[in-house]
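Chain by chain, the residues:
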Amino acid sequence: MNKKFIVATGIVCILPILAGIFLWGRMPQQMASSFDWSGNPTAFRPKWFVVFVIPIMITALHGLCGFSLLKREGFGRMRALVYELLVINCPIIAVFSAIGLYSYALGYDWTVNYIAIGTVFIVSLIYGVCSILKDKE
């Protein structure tokens, strides 16, 4: 993994903005931005905040962590694990959180908990497969 990979996965982090722009007219002015464990919204934010600020914050965290880990020397396998988790998980979390927030705003019946469970499952599956393949090299 290198700088180009961080940039490419950073672009994936901002894809929810494009989806939000596409769905802009169908979403309410106030959108849920966080949920409790039962899937009930606990906070509402303006539409612009959910569509633009949340993906930008995830992308900024992704870039900051990814590039700062590239600068660090040492740590061996632990450094590689942290790097992989950050670089792979941030885009997945950005996309799946947008799916959950947008689907709730559009009135779909499935709860955000299904999105959270799906995200954890997919992230774990991808990371597990990547780790196995890397260890075989």
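Notes on the structure in this doc start here. On a predicted model such as this, the values are computed, not experimentally measured, just so you know. (Residues numbered from 1 in each chain as written. Predicted model: local features only at pLDDT ≥ 70, side-chain atom pairs only at ≥ 80, totals over all residues. Heavy atoms only, no water.)

## A short note on the overall build of the chain
A tally of helices and strands in the chain yields 5 helices and 2 strands. Secondary structure elements of the chain, listed N to C terminal, follow the sequence α-α-β-β-α-α-α. Of all 137 residues assigned to the chain, the portion counted as buried reaches 36%. Put simply, 67% of the contacts in the chain that link residues at least 6 apart link residues at least 24 apart. Accessible surface for the chain amounts to roughly 8400 Å². Of this, 72% is attributable to carbon and sulfur atoms. (Helix = DSSP H or I, 4+ residues; strand = E, 2+ residues; numbered from the N terminus. Buried < 20%, exposed > 50% of the residue type's maximum accessible area, 1.4 Å probe, protein only. Contact = heavy atoms within 4.5 Å. Areas by Shrake-Rupley, 256 points an atom, 1.4 Å probe, with all protein chains shown as cover.)

## Quick notes on the pairing of strand 1 (residues 30–35)
Judged from the 5 bridges that link them, strand 1 and strand 2 (residues 41–46) form a sheet pairing that is antiparallel. Counterpart to Ala32 in the pairing with strand 2 is Phe44. Linkage of strand 1 to strand 2, two consecutive antiparallel strands, is achieved through a turn of 5 residues, within which Gly39 is found at a positive phi near 90 degrees. (Pairing = 2+ DSSP bridges.)

## Some words on the packing of aromatic side chains
Enumeration according to the criterion identifies 3 aromatic pairs in this entry. Between Trp24 and Phe52 the ring centres are 5.9 Å apart and the planes differ by 45 degrees, which places this aromatic pair in the tilted class. Here the residue Trp24 occupies a position in the loop between helix 2 (15–23) and strand 1, and Phe52 occupies one in helix 3 (residues 47–71), the gap between them amounting to 28 residues. Overall, Phe52 belongs to the partly exposed group, its relative accessible area being 28%. Ring centres of Trp48 and Phe49 lie 6.0 Å apart, and the angle between their planes is 75 degrees; on these two criteria the pair is classed as edge-to-face. Across from the ring centre of Phe49, 5.9 Å away, lies the NZ or CZ of Arg45, which sits over that ring. (Phe/Tyr/Trp six-rings, centres within 6.5 Å; stacked < 30°, edge-to-face > 60°. Lys NZ or Arg CZ within 6 Å of the ring centre and 35° of its normal.)

## Focus on the nonpolar core
Grouped together as the largest cluster of nonpolar side chains are 16 residues, with contacts concentrated most on Met27, Met31, Val50, Ile58, Leu101 and Tyr102. Residue assignment for this core shows that the elements contributing at least two residues are strand 1, helix 3 and helix 4 (76–105). No other element matches helix 4, which puts 6 residues into this core. (Core = buried A, V, L, I, M, F, W, Y, C linked by side-chain atoms within 4.5 Å.)

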